[in-house]
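Listed below are the residues making up each chain.
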Amino acid sequence: MLDQVIKVARDCERCVVLTGAGISAESGVPTFRGKEGLWGKFRPEELATMEAFMANPQIVWEWYNWRRELISEVKPNPGHYAIVEMENIFDHFTLITQNVDDLHRIAGSKNIIELHGNINKNKCLKCSEPFPDDQIISPDVIPACPKCGGQIRPDVVWFGEMLNADTIQKAFDESSKADLFLSIGTSAIVQPAASLPVEAKRSQATLIEINVNNTSLTSIVDFFIAEPSGEFLPKLVEGLKKII
Ligand code: BJW
Ligand code: ZN
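Position labels on residues start from 1 in each chain and follow its written sequence. Think of it this way: whatever chain is written first is A, whatever ligand is written first is 1, and the rest follow in order. Local features are withheld for residues below a pLDDT of 70 in this predicted model, meaning they are given only at 70 or higher, and side-chain atom pairs are given and counted only at 80 or more; totals for whole chains, interfaces and linings count all residues. Note that water and hydrogens are dropped before the side-chain values are worked out from all heavy atoms of the structure.

Draft legend 1. Layout of the overall build of the chain. Only DSSP runs of H or I covering at least 4 residues are called helices, and only runs of E covering at least 2 are called strands; the numbering of each starts at the N terminus. Across its full length, the chain holds ten helices and nine strands. Radius of gyration: over C-alpha atoms. The globule rule applied is 2.2 Å multiplied by the number of residues raised to the 0.38 power. In terms of overall dimensions, the chain is globule-like: its C-alpha atoms have a radius of gyration of 18 Å, near the 18 Å expected for 244 residues. When the backbone C-alpha atoms are referred to their principal axes, the chain occupies close to 55 × 30 × 30 Å. The buried share of the chain, reckoned over its 244 residues, is 51%. Partitioning the intrachain contacts of the chain with sequence separation of at least 6 by distance along the chain shows that 67% fall at a separation of at least 24. In the structure as shown, the chain presents an accessible area of about 11,900 Å², 51% of it carried by carbon and sulfur atoms. Side-chain charges of the chain comprise 24 positive and 33 negative groups, with the mean position of each set lying 1 Å from the other. When accessible area is computed with a 1.4 Å probe and restricted to protein chains, residues below 20% of their type maximum are described as buried, those above 50% as exposed, and intermediate ones as partly exposed. By definition in these notes, contact holds between two residues if any of their heavy atoms fall within 4.5 Å. Computed with the Shrake-Rupley method and a 1.4 Å probe, the accessible areas treat only the protein chains shown as cover for residues. His is not counted here, nor are the chain ends, while Lys and Arg score as positive and Asp and Glu score as negative. Where a charge sits is defined by one atom per residue type, namely NZ (Lys), CZ (Arg), CG (Asp) or CD (Glu).

Draft legend 2. Here's a closer look at helix H1 (residues 2-10). Turning to H1, its buried residues are Val 5, Ile 6 and Ala 9. The arc that holds every buried residue of H1, seen down its axis, measures 100°, which confines them to one face. Within H1, the exposed residues directed more than 90 degrees away from the buried face are Asp 3 and Lys 7. Looking at the buried residues of H1, the elements they touch are strand S7 (180-184), strand S8 (206-210), strand S9 (223-225) and helix H10 (229-243). To obtain the arc, one takes the directions from the helix axis to the C-beta atoms.

Draft legend 3. Seen up close, the domain arrangement of the chain. Domain ranges listed in this record stem from an automatic or a database domain assignment. Per the domain assignment, the segments of the chain are domain 1 (2-28 + 76-116 + 163-243) and domain 2 (30-73 + 121-156). Taking the mean C-alpha position of each, domain 1 and domain 2 sit 27 Å from one another. Each side of the interface is counted separately: domain 1 has ten residues, and domain 2 has nine residues. By the criterion of area lost to domain 2, the three top residues of domain 1 are Ala 21, Gly 28 and Val 100, representing 43% of everything that side buries. For this analysis, a salt bridge means a side-chain nitrogen from Lys or Arg found within 4 Å of a carboxyl oxygen belonging to Asp or Glu. On the surface where domain 1 and domain 2 come into contact, there are zero salt bridges. The class makeup of the residues in the side of domain 1 that touches domain 2 is five nonpolar, four polar and one charged. What counts as buried area is the accessible surface, traced by a 1.4 Å probe, that two parts surrender upon association, with contributions from both included. Any residue outside Ala, Val, Leu, Ile, Met, Phe, Trp, Tyr, Cys, Pro, Asp, Glu, Lys and Arg is labelled polar, Gly included; the first ten of those are nonpolar and the last four are charged.

Draft legend 4. Structural view of helix H6 (residues 78-89). For H6, spanning twelve residues, the distance from its first C-alpha to its last is 16 Å, which sits close to the expected 16 Å at 1.5 Å a residue. Where H6 is concerned, the buried positions are Gly 79, His 80, Ala 82, Ile 83, Val 84, Met 86 and Ile 89. In protein, a polar contact requires one atom able to donate a hydrogen and another able to accept it; more generally it is a pair of N or O atoms within 3.5 Å, and residues adjacent in sequence count only if both atoms are side-chain atoms. Its side-chain oxygen placed 2.7 Å from the backbone nitrogen of Gly 79, Asn 77 serves as the N-cap of H6. Expected helix span is given by 1.5 Å per residue-to-residue step, counting one fewer step than there are residues.

Draft legend 5. Structural view of unusual backbone geometry. With an omega dihedral of 0°, the bond running from Gln 191 to Pro 192 counts as a cis peptide bond. Along the polypeptide, Pro 192 turns up in the loop between S7 and helix H9 (195-202). Phi is positive for Ser 128, close to 65°, though the residue is something other than glycine. By the element assignment, Ser 128 lies in the loop between strand S4 (117-124) and strand S5 (130-131). Since its relative accessible area comes to 41%, Ser 128 is described here as partly exposed. One non-glycine residue with positive phi stands out, namely Ala 188, at about 55°. By the secondary structure assignment, Ala 188 is in the loop between S7 and H9. By relative accessible area, Ala 188 is classed as buried at 9%.

Draft legend 6. Focus on the packing of H1 against H10. Where H1 meets H10, the axes come as close as 10 Å, and the angle between the chain directions of the two elements is 55°. It follows from the interaxial angle that H1 and H10 lie oblique. Classified by chirality, the crossing of H10 by H1 is right-handed. Contacts between H1 and H10 involve Leu 2, Val 5, Ile 6, Ala 9 and Arg 10 from the first element and Phe 232, Lys 235, Leu 236, Gly 239, Leu 240 and Ile 243 from the second. Every angle, taken between N-to-C directions, lies between 0 and 180 degrees, and every axis is a line fitted to C-alpha atoms, over only the stretch in contact when it is a helix. Roughly parallel means an angle under 35 degrees; roughly antiparallel, over 145; roughly perpendicular, 65 to 115; everything else is oblique. Take the far helix as your reference; a near helix turned counterclockwise from it by less than a right angle gives a left-handed crossing, and one turned clockwise gives a right-handed crossing.

Take a look at the structure:
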């Protein structure tokens, strides 16, 4: 399978990679869903919403502070580093991530489309003004926005919220122009991100999925790689580098 994938990939010019929580699993960041998933005992649908924040901002902030601390202690894994190398292999390369953990940037990836925001950033609930991200947010005293007095919240996209219009437009544009699309470590159930590989396939891209489990995408992909991304991606990159 690896050799076949290398053969197909080496002739491609426009590569798009979409990552989800699975790429960071080997760094020790829990995924959202599945057996090893779930952030502790919480379901994202219960805490990653405006309703949850309005009802109990303290609990939501406690959850994000706990995750920020956990993420601050982990490092990128070989999967993240292999994606950094892919930028130099393809004529045109786009990385789209649903992750908020910043590990792609820390690994060295340059142009990253962050669909769901960044857990280390804050913004105002009312006017969206950025709020300094080096400030520790105490759940007991949630700061007020200096501009409008609104409450400060994490700068991430919750369920029921629109993604940034330019960001998602760019992600769809790149996906529809890709001749190679890799969906890596995502359950592919959260929209609109889950439609990106479908859009790429519709536009004739070769679609490759790398996931330790089958997903709803698996039935339409050209290649399904049932391996941890941190093990498969370095082999793919090594194979491609030998050809170039
Ligand atoms: C490995 C591995 C290894 C493990 N190697 N693989 C029907 C009903 C109700 C709502 C909707 C509906 N249809 C659509 C919606 C809207 C909703 C949605 O999609 N809901 C679905 C659950 C159905 N979407 C939205 O609300 C979005 N906004 C929107 O659509 O606006 C328009 C609109 C508004 C109002 C109503 C309707 C439409 C916004 C979505 C925002 C998602 N936000 C979160 C939280 C971000 C902030 C935070 O982190 O706190 O984003 S939720 C969470 O899920 C997070 C993730 O980015 C996202 C995707 O998860 P991901 O990455 O796929 O992780 P997992 O855990 O699901 O999967 C991990 C995978 O890795 C697994 O497959 C493993 O097997 C694999 N794996 N180890 C390779 N080593
Ligand atoms: Zn404000």
